[in-house]
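Structural overview for review
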Amino acid sequence: MGARVIVSLLFLFLIFGSNADAANKRIRDRRPCKRLVFFFHDVLYNGNNAKNATSAIIGAPAWANQTILAGQSHFGDLVVFDDPITLDNNLHSKPVGRAQGFYIYDKKDIFTAWLGFSFVFNSTQHTGSLNFAGADPLMNKTRDISVIGGTGDFFMARGVATLMTDSFEGEVYFRLRTDIKLYECW
Amino acid sequence: MGARVIVSLLFLFLIFGSNADAANKRIRDRRPCKRLVFFFHDVLYNGNNAKNATSAIIGAPAWANQTILAGQSHFGDLVVFDDPITLDNNLHSKPVGRAQGFYIYDKKDIFTAWLGFSFVFNSTQHTGSLNFAGADPLMNKTRDISVIGGTGDFFMARGVATLMTDSFEGEVYFRLRTDIKLYECW
Amino acid sequence: MGARVIVSLLFLFLIFGSNADAANKRIRDRRPCKRLVFFFHDVLYNGNNAKNATSAIIGAPAWANQTILAGQSHFGDLVVFDDPITLDNNLHSKPVGRAQGFYIYDKKDIFTAWLGFSFVFNSTQHTGSLNFAGADPLMNKTRDISVIGGTGDFFMARGVATLMTDSFEGEVYFRLRTDIKLYECW
């Protein structure tokens, strides 16, 4: 009988008390519920590679133009991209999707960018999309951005993606390794 | 007495155990907690419609300009917009808010865009805003983007919005149906 | 024995029943789990202040350019920024981080912008980043945007940030007070 009272109180507490608190204060599990690693490959248009280019400058400051990356760490260059995503680091591997969006070089004295983009999957393994946003201080070995949402197989996903410049050639080719850790899976 | 021990253990488990797990692994309800359908209307500036235009090209690749949409599926065109939102598909219905933000055409061989924008409401029905981001492969009948946050009546909202091109006239007028499904409501 | 049955039922209910519903419908706590106030300082390039400027126009409509803010409420101007963040309202205080990203003036008849940016912290107090997106109707005394994610000390954060124009000088200097209220803390 006493136990039943405790159970009832516990029950009431759970429904009206801890759930409200839990929303903000609960101890959360920092182990990812899903983890995925991909590479994507950016070939920037430089005036001579129209056929192969997967990205292009579309905004630039008053002192620059849309063909040549600006001085001062490319500050002010806005680049749009549609890059192939591969499972390994080979540009010529069969793409599993496209990385689509933009980056803006946003600092004068060091290479840093702001990223807004999606991974759009259309393979036997994955369909749907993951959306990303965040700061990319690209001289750092690794840098974390946010997974701000997802659709399809990645419905309502949230998490963190760790970017790493896996390789680059001059100012034309960049390969980014993306280690995606989702902490909210539906 | 035995029951009380079980209750206590259960209690401890709930506080320190399952809540942490629950954060990532709990079974979630895929029924929307709120659903809303709106239309928004984009009239793109083309050099001759300054008065009626609700959007304009503000970034373009080296081979294009800010008045005429670029070739190659408009790849590289950045468009800013401030479009009226209506409850039905009539451009002249009383707007309930404004769709404000940008899209970038991001693919050379097919029409695809990346969207970042907000619905800003100021009507008797809704005040506040919903923020969106995601890929828009606009040749698909429907495409899903993420609701990445909200304010006011839509405080802390998250969800998925399904876009559908409801109508278009040449390259000037586009009407988008937006079916918003929120799965996190506060 | 009866109590143990109740406990068991309660347990099953918690695991398979209420958790699923709770995801969407639980009563949530609208008190922030973390609150932070910062100022950031934007000095816009105007052709004569290259040394001090922390931001620059990098996209503009057909009728404007990248040096002078456009007419019609700057409609169509895209600005990239890398602004110092301070704890008080003094531009010359030691910065605790940088506000990096962009805004686009998106309305012809009133000053309104769309923001996508990050606070990147690198101080003894905070490391990591907070990512923001939303509409900024900047003639309003205060306006709310979304905290769409975070990394490092702000791992997986979500919330609302209230912006207030704390001061401005002509069209060159803007100081924004940012009152950050996080409602999801991990």
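Residues numbered from 1 in each chain as written. Chains lettered and ligands numbered in written order. Predicted model: local features only at pLDDT ≥ 70, side-chain atom pairs only at ≥ 80, totals over all residues. Heavy atoms only, no water.

Thoughts on the overall build of chain A
For chain A, the count of helices and strands is two helices and nine strands. Start at the N end of chain A and walk to the C end: the helices and strands fall as α-β-β-α-β-β-β-β-β-β-β. Within chain A, the proportion of its 186 residues that are buried is 59%. Residue pairs at least 24 apart in sequence account for 46% of intrachain contacts in chain A once pairs closer than 6 positions are excluded. Summed over its atoms, the accessible surface of chain A is roughly 7500 Å², and 56% of this surface lies on carbon and sulfur atoms. (Helix = DSSP H or I, 4+ residues; strand = E, 2+ residues; numbered from the N terminus. Buried < 20%, exposed > 50% of the residue type's maximum accessible area, 1.4 Å probe, protein only. Contact = heavy atoms within 4.5 Å. Areas by Shrake-Rupley, 256 points an atom, 1.4 Å probe, with all protein chains shown as cover.)

Some points on the nonpolar core
Of all hydrophobic cores here, the largest spans 39 residues; its most connected members are Leu78 and Phe102 of chain A, Leu78 and Phe102 of chain B together with Leu78 and Phe102 of chain C. Other than its neighbours up to four places away in sequence, Phe102 of chain B contacts Phe102 of chain A, Leu78, Val79, Val80, Phe81, Trp114, Leu115, Gly116 and Phe117 of chain B together with Phe102, Ile104 and Trp114 of chain C. (Core = buried A, V, L, I, M, F, W, Y, C linked by side-chain atoms within 4.5 Å.)

Re the packing of aromatic side chains
Residue and element names in this part refer to chain A. This model, assessed by the stated rule, comprises 63 aromatic pairs over all chains. Here Phe102 and Trp114 contribute two aromatic rings whose centre-to-centre distance is 6.3 Å and whose plane-to-plane angle is 35°, an arrangement assigned as tilted. Here the residue Phe102 occupies a position in strand β4 (residues 97-105), and Trp114 occupies one in strand β5 (residues 113-122), the gap between them amounting to twelve residues. Take Phe102 and Trp114: they sit in the same class, and that class is buried. Taking the ring centre of Phe75 as reference, the NZ or CZ of Lys108 above it sits at 6.0 Å. (Phe/Tyr/Trp six-rings, centres within 6.5 Å; stacked < 30°, edge-to-face > 60°. Lys NZ or Arg CZ within 6 Å of the ring centre and 35° of its normal.)

Overview of unusual backbone geometry
Residue and element names in this part refer to chain C. With a phi angle near 50°, Gln72 is a residue other than glycine that sits in the positive phi range. With respect to the helices, strands and loops of the structure, Gln72 is situated in helix α2 (residues 71-74). At Ser73, a position not held by glycine, the phi torsion is positive, near 60°. Tracing the backbone through its elements, the reader meets Ser73 in helix α2.

Some thoughts on the state of the cysteines
Residue and element names in this part refer to chain A. Applying the stated criterion to the full structure yields three disulfides over all chains. Here Cys33 is linked by a disulfide to Cys185, with a sulfur-sulfur distance of 2.1 Å. In this structure the cystine formed by Cys33 and Cys185 twists about its S-S bond by roughly 90°; its chirality is therefore right-handed. Taken together, the positions of Cys33 in the loop between α1 (2-25) and β1 (34-43) and Cys185 in the segment after β9 (173-184) put the pair 152 residues apart, joining distant regions of the chain. (Disulfide = S-S within 2.5 Å.)

Digging into the pattern of salt bridges
All told, the structure shown has 26 salt bridges over all chains when counted by the stated rule. A salt bridge links Asp179 of chain B to Arg35 of chain B; the shortest N-O distance between them is 2.6 Å. A residue pair is termed long-range when its members are at least 10 positions apart, and Asp179 of chain B in strand β9 (residues 173-184) and Arg35 of chain B in strand β1 (residues 34-43) qualify at 144 residues. Overall, the relative accessible area of 7% leaves Asp179 of chain B in the buried class. Notably, a salt bridge pairs Lys107 of chain C with Asp109 of chain C, separated by 4.0 Å at the nearest N-O pair. Assessed through its relative accessible area of 12%, Lys107 of chain C is described here as buried. Members of the salt-bridge network, linked through shared partners, are Arg158 and Glu184 of chain A, Arg158 and Glu184 of chain B together with Arg158 and Glu184 of chain C. (Salt bridge = Lys/Arg side-chain N within 4 Å of Asp/Glu carboxyl O.)

As for the side chain of Asp82 of chain A
Tracing the chain through its elements places Asp82 of chain A in strand β3 (residues 78-86). Within polar-contact distance, the side chain of Asp82 of chain A engages the side chain of Gln100 of chain A at 3.0 Å. When neighbours within four sequence positions are excluded, Asp82 of chain A is seen to be in contact with Thr54, Arg98, Ala99 and Gln100 of chain A together with Asp106 and Lys107 of chain B. (Polar contact = N/O pair within 3.5 Å; in protein donor to acceptor, adjacent residues only side chain to side chain.)

Comments concerning the pairing of strand β5 (residues 113-122) of chain C
Residue and element names in this part refer to chain C. Summarising burial for β5: eight of the ten residues are buried, a large majority. Note: strand β4 (residues 97-105) against β5, nine bridges, orientation antiparallel. What sits directly across from Gly97, in β5, is Phe121. Direction of pairing for β5 relative to strand β6 (residues 127-136): antiparallel, over a ladder of ten bridges. Considered in β6, the bridge of Phe119 is made with Leu130. Joining the antiparallel neighbours β5 and β6 is a turn of four residues. (Pairing = 2+ DSSP bridges.)

Description of the environment of Asp83 of chain A
Residues and elements named next belong to chain A. On the secondary structure map, Asp83 appears in strand β3. Residue Asp83 is classed as buried on the basis of its relative accessible area, which comes to 0%. A distance of 2.6 Å separates a polar atom in the side chain of Asp83 from a polar atom in the side chain of Thr54.

Topic: the environment of Phe39 of chain C
All names here are of chain C. Following the sequence through the fold, Phe39 ends up in strand β1 (residues 34-43). A C-alpha to C-alpha distance of 17 Å links Phe39 and Ser146, two positions 107 residues apart in sequence. Aside from chain neighbours lying at most four places away, what touches Phe39 is Pro84, Ile85, Thr86, Leu87, Asp88, Asn89, Asp166, Arg175, Leu176 and Arg177.

Some thoughts on the side chain of Asp77 of chain A
Residues and elements named next belong to chain A. You can see Asp77 is positioned in the loop between α2 (71-74) and β3. For Asp77, which is buried and forms no salt bridge, the nearest opposite charge comes from Lys108, at a distance of 14 Å. In terms of polar contacts, Asp77 uses its side chain to reach the backbone amide nitrogen of Ala70, at 2.6 Å. What Asp77 contacts, discounting residues up to four positions off in sequence, is Ile57, Gly59, Ala60, Pro61, Asn65, Ile68, Leu69, Ala70, Tyr103, Ile104 and Tyr105. (Lys, Arg positive; Asp, Glu negative; His and termini not counted.)

Section: the confidence of the model for chain A
Low-pLDDT stretches of the model should not have their predicted coordinates read in fine detail. For chain A, mean pLDDT is 89; residues scoring 70 or higher make up 85% of the total. The ipTM for the predicted assembly is 0.86, set against a pTM of 0.88. (pLDDT = per-residue confidence, 0-100.)

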